[in-house]
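Breakdown of the fold
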Amino acid sequence: MALKEEYQPRTKQIFHHLPTVSEMPHREPLLHISPTVDNNIIGVGQDGLVSIWTRNLKLKKSRLILNSNICIYLYIEPMQLDFCMYFHLTLSSWQFPFGLQNENKVLNRKLKWISDSTLMSQYNKLIIGTCDREIRLYELSNFEPYCQITGLETMPLHLDYSVREEDECIILYGDEQGCVNIILISSVGETLRNWTKCPAVEEIPSVSMENINDSRNITFIRWKVHNDWVTKIKYINSIESIISSSNDDYTALVIGCVNETKDVQHRLRILMDSSSFPTKCSLPGGASPPRRFNCDESQFKVHRGVKAFDFCKESNILVTGGLDRNIRLWNPYVPGWAIGLLRGHTSPIGFLCIADGNTKLFSVSMDCTVKVWDIEDQSCLLTMIPKANQIRGEMSVCYFSNELRALYLAADCLVLLHFQQKEDRLSNSCMSHNEPILCCQYNRPFRQVVSCSEGSAIKVWDLQNGQLVTEVYEAHGDAAVTCMALDTSGKRLITGGRDGSLKKWDCSTIRYIHTLKQGTSSDEVTACTYADIYSNRYIISVGWDRKINIFPDLHSEATEGRCPQVDWIDSVENGHKDDVLCVSFCPPNLVASSSYDGEILIWNLISGHICNRLSAVSQAVMEDGTEDLIINKVTFLQSRSERKMTAASLVSSGPRGYITFWNIFGGGKLFAYFIGSKDRSTLSDMAVSDDDCLLCAADHIGYIYIWNITKYALQGPEEEPPACEQHFLLPFQSQCPLTLSHVADSCITDLYLIFFSPSRCQVLLSWRAHSCSVTSVAWVSEDRLLLTSSVDCTVKLWSLEGEYIGTFGQKDLWNIKDRMSWQRGPNPDSHITPAAPARQVSAIKPSCATESEDEANSAEPESQVASPLSLIKDDEIAEELKQRQKAKSEHRAHHSQLKCIKHETRALTTYHSLQLCELTCLPATFHKLNPRRCNDPDNLAF
């Protein structure tokens, strides 16, 4: 036995960091916690108070979104007057319209109560269900009501939203009658816009259930499923089924279809054997809702019902928990009995989540006890006692972030718990910081990389080899370092923190110089930049105070805590109406700033007046049907300043995965826009090369995209989105023209040059650089490299061809001039993909080209064929050719050895070889049973 314990795998051990505990502004229990598209956390309370938090539980804003005109008169004793006044001050929307001298009555507003809520992330909407039998949609950007569905037959106790197909979604809710109510919406963008044109009720556009049933784009379905009220409901897109639970023993959990089954054999069998025929699900008011056929659902019986569940399609696992304090593991295709039972909780279970590659199960009971289970061994790996982790009260709602491997738990306070495996602790040496990295920059004069983290740490790295030069902790105390900027000489570093202050550092030693404060406010600094105007130097910062703060950069270091200059008139009166997210400077006197509501302002830095006001509510947004207007980054194309009227000189990242090109002169015009992110994920950062030829963008799912924008939007507006045009492969040693299909089917290992036609904006390359959100990208132009940082605690270095060089902080150092020292094999998070559907590519050599090909080539401008992009330089090609000619025999031997190597992956060079792939025989695909069609484990008929 001792020998067996000695060789148990240590990777199954799991640890947790000290919890982060924050007090909540909510006076009622939270009903919903989830992430938003801008990397924040939203919490919705039962009383209608909505709060927005950062990932580390820093409260950003809160707002009460529900009010009602229903008035209640309360009799107040004289001794209760103080309490009544206190209650009035706590809820600012409650008013006392008359005096209290004689009447002893108080007129209060009764707030609506929220039953549940969910996010409509695709359209940046918050969906809530009220106890007045309504479903309301709110804008996430400003929490203003968008529209509502009224006249529900029952109260929506639990809500869920999911995207089914392209431009089709499903909203479903469970009620107190045990029914599952389904609203199928097609042409979602058009439908939502039509709802806003409906007559207003309580100043909110309202559509009734009667009108919904008559709409051609909406289908309403209602099934009687449970014998008790619904405790949870969820749509599983992978199996196209709905899972719902209740406290009833016999209908504790049900997996059922959305519509009636299309299996004719099952339906005929049921109809032949059944004496009662179900009616259509669209029923008149007051009629009894129908039940599904037995072949359309699977029922799981659990003693005392189910309060929480989770489902994993990949591992074919269903887990349930409830009032009996036991966790059951099920095969979803076998509802008759559980395949596992986990005991250990001493109170009812309220939350379950399968995570960590479907190997771990996180469970939380109502007394806030957290347990982590190993699903394979069915053993408990970790138990967290609430008292030892400063958790107070009863658990109301939880959310588990797979990206951060963190659990958000709401009780009397909001708690963040970070989990870590043993193997992660052993690999910490390959991480750049111990906390998520929020920004990084390249310091050209010192050839160093500076990175700042959520834990208020600043680290300086040597670009040449990736070695740590120096580091500073608690740079802004306990507050995170959110942004940074370097002066033109590279000798001074300015950092902005979540504490609302700016700090100045000596770059050579990271010596603290002094602090600059954004007035008397402690609002977070979101961005800062450095400006030189006629030999005067200024530091510009923006943040949650919605102002443009300007600090003169003086040589004196004795002025501690200096505040900015007097606010601009336009900055206060006509400036941003929401949080400012980015600021950018363009010599000699222009400043651009962007905000959360999608507005871009162009300022004259000398006069302080607004030159242009650009709105992101463009045709792109209207066609996409989204209200996500966040613009995280704006940058100037300074080389185009001479072409004021014909060229786009400003680029912005947003809204919702779009990249927009603006002409800021002549009133400000939108010249071009295109989708800049995979799956239209929010763009987190963007950077332009020094010569304004290459544009790099990063998104929230970890992808990097590089475009050639040399001539894009240079001569006027672009009517079409950018496309990856046909490019040419010029074989270095091949003696005959080859097509891409020939190369793919052969064993050719010749070296190829890739030339892209620079006539329009083209996606050159895209790859996944990180496993989660990228926070910053920066160019290293002289070495043709790219820096990226992410919330995964790493700063990585790449070549412009997507070659993974290494991670700052890794054990093995590199030499950027020696490719052999770069990381062998691909980055674990990286996957180089074409950014557009591949076309057939011709390999053309002038000596053997046909006449038709010569005529086609001669018809094109010479620059399209003879001039490669700035991605490949002539001097680099000449030097590489010279080196190859000197060692020709060595290279031939090297290529012959490459044929013997099976899967040694090398990063691409300017002349790169095609990799060989082995074919693997795959077995025939095995189709699993559909749970909707299998109620009896012995009945295997289809």
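Just above sits the structure.
Being a predicted model, the structure only gives us computed values, none of them experimental. (Residues numbered from 1 in each chain as written. Predicted model: local features only at pLDDT ≥ 70, side-chain atom pairs only at ≥ 80, totals over all residues. Heavy atoms only, no water.)

**Describing the overall build of the chain**
To keep it simple, the criterion reads: A helix here means a DSSP run of H or I that spans at least four residues, while a strand means a run of E at least two residues long, and both kinds are numbered starting from the N terminus. Whether two residues are in contact is decided by their heavy atoms, any of which lying within 4.5 Å being enough.
For the chain, the count of helices and strands is 13 helices and 65 strands. Excluding contacts between residues fewer than 6 apart, the proportion of contacts in the chain whose partners are at least 24 apart in sequence is 55%.

**Quick word on the pattern of salt bridges**
This is how the line gets drawn: Any Lys or Arg side-chain nitrogen found within 4 Å of a carboxyl oxygen on Asp or Glu counts as a salt bridge. Three exposure classes are used, based on accessible area relative to the maximum for each residue type with a 1.4 Å probe and protein chains only: buried under 20%, partly exposed in between, and exposed over 50%.
Tallying each qualifying case throughout the model produces 29 salt bridges. Of the charged contacts, one joins Lys 61 and Asp 578 as a salt bridge, the two residues approaching to 3.5 Å between their closest N and O atoms. Placement of the pair is Lys 61 in strand S6 (residues 59–64) and Asp 578 in the loop between helix H7 (569–573) and strand S45 (580–586), with a sequence separation of 517 residues. When its relative accessible area of 24% is taken as the criterion, Lys 61 is described as partly exposed. Its salt-bridge partner being Lys 459, residue Glu 471 comes within 3.7 Å of it at the nearest N-O pair. Placement of Glu 471 in strand S37 (residues 468–472) and of Lys 459 in strand S36 (residues 458–462) is noted, with a sequence separation of twelve residues between them. According to the relative accessible area criterion, Glu 471 is partly exposed, its value standing at 33%.

**Re the environment of Ile 339**
Along the chain, the position of Ile 339 falls in the loop between strand S25 (327–330) and strand S26 (340–342). Along the primary structure Ile 339 and Leu 318 are separated by 21 residues, whereas in three dimensions their C-alpha atoms are 9.8 Å apart. Dropping the residues within four chain positions of it, Ile 339 is found in contact with Ile 317, Leu 329, Trp 330, Asn 331 and Gln 378.

**So, unusual backbone geometry**
Here the residue pair Pro 587 and Pro 588 is connected by a cis peptide bond, since its omega of 5° sits within 30 degrees of zero. Here Pro 588 is to be found in the loop between S45 and strand S46 (590–595). Here Arg 304, not a glycine, exhibits a phi torsion of approximately 70°, which is positive. Along the chain, Arg 304 falls in the loop between strand S22 (297–300) and strand S23 (308–312). Phi at Ser 456 is positive, roughly 65°, even though this residue is not glycine. Here Ser 456 is to be found in the loop between strand S35 (448–453) and S36. Classification of Ser 456 as buried rests on a relative accessible area of 0%.

**Brief notes about the side chain of Asn 326**
Position of Asn 326 relative to the elements: it lies in the loop between strand S24 (317–321) and S25. Residue classification places Asn 326 among the buried positions, given a relative accessible area of 13%. Filtering out sequence-adjacent residues up to four positions away, Asn 326 remains in contact with Thr 320, Gly 321, Leu 341, Leu 342, Arg 343 and Ile 349.

**Observations concerning the pairing of S35**
Within a regular strand, side chains alternate between the sheet's two faces. Quick reminder of the rule: Any two strands are treated as partners once DSSP identifies two or more bridges connecting them.
Across the six residues of S35, six count as buried, placing the element largely inside the fold. Side chains Gln 448, Val 450 and Cys 452 project from S35 onto one buried face, and the interleaved Val 449, Ser 451 and Ser 453 project onto a second face that is buried too. Bridging between strand S34 (residues 437–443) and S35 involves six bridges; their strand directions are antiparallel. Of the residues in S35, the one forming a bridge with Cys 439 is Cys 452. The antiparallel pairing of S34 with S35 creates a hairpin that spans four residues between the two strands, and Arg 447 there sits at a positive phi of about 50°. Pairing of S35 with S36, which is carried by five bridges, proceeds in the antiparallel orientation. By the bridge assignment, Gln 448 is partnered in S36 with Asp 462.

**Considerations on the packing of aromatic side chains**
The geometry of an aromatic ring pair is captured by the separation of the ring centres together with the interplanar angle, meaning the angle of the planes. Put simply, the rule is: Pairing of aromatic rings covers Phe, Tyr and Trp, the last counted by its six-membered ring, and requires centre-to-centre distances within 6.5 Å; plane angles under 30 degrees mean stacked, over 60 mean edge-to-face, and any other angle means tilted. Over a ring means this: the NZ of a Lys or the CZ of an Arg is within 6 Å of the ring centre and within 35 degrees of the ring normal.
The tally for this structure, following the rule as stated, stands at 16 aromatic pairs. Between Tyr 705 and Trp 707, the aromatic rings sit 5.8 Å apart at their centres with planes inclined by 25°, giving stacked as the arrangement. Trp 707 matches Tyr 705 in its accessibility class, with the two residues each being buried. Its guanidinium or amino end placed over the ring of Tyr 146, Lys 125 lies 4.3 Å from that ring's centre, counting from NZ or CZ. Positioned over the ring face of Phe 309 is Lys 232, at 4.8 Å from the centre of the ring.

**Overview of the side chain of Thr 682**
Heads up, the condition is: Contacts described as polar in this section are N or O atom pairs within 3.5 Å, which, within protein, must combine one atom able to donate a hydrogen with one able to accept it, while residues neighboring in sequence count only if both atoms come from side chains.
One can find Thr 682 in the loop between strand S52 (669–675) and strand S53 (683–688). Of the residues examined, Thr 682 reaches a relative accessible area of 6% and is grouped as buried. Side-chain polar atoms of Thr 682 contact the backbone oxygen of Val 37, separated by 3.4 Å.

**Some thoughts on the sheet that holds strand S14 (residues 168–174)**
Test applied: Axis definition: a line fitted to C-alpha atoms, limited for helices to the stretch in contact. Angles are taken between N-to-C directions and run from 0 to 180 degrees.
A sheet is described by the order of its strands in space; here four strands give the open sequence S13-S14-S15-S18, paired in antiparallel fashion. Edge positions in the sheet fall to strand S13 (158–165) and strand S18 (218–224), since each of these pairs with one other strand and no more. On average, each strand axis in the sheet is tilted by 15° relative to the strand beside it, whichever way the strands run. Bridging between strand S15 (residues 179–186) and S18 involves seven bridges; their strand directions are antiparallel. When the sheet's bridge partners are listed, Ile 183 is paired in S18 with Phe 220. Set on the sheet, helix H3 (residues 188–195) makes contact with S14, S15 and S18; between it and S15 the angle comes to about 100°.

**Quick notes on the nonpolar core**
Applied cut-off: Take the buried residues of types Ala, Val, Leu, Ile, Met, Phe, Trp, Tyr and Cys, join any two whose side-chain atoms come within 4.5 Å, and each joined set is a nonpolar core.
Among the nonpolar cores identified, the biggest contains 24 residues, and Met 120, Ile 127, Ile 135, Leu 137, Ile 149, Leu 192 and Trp 195 are the most heavily contacted of them. Mapped onto this core, the elements with two or more residues apiece are strand S11 (134–139), strand S12 (145–150), S13, S14, S15, H3, helix H4 (209–214) and S18. Discounting chain neighbours no more than four positions away, the residues touching Trp 195 are Cys 147, Ile 149, Ile 185, Pro 205, Val 207, Ile 212 and Ile 218. In this structure, Val 370, Met 395, Val 415 and Leu 417 belong to the second largest nonpolar core, which totals 23 residues.

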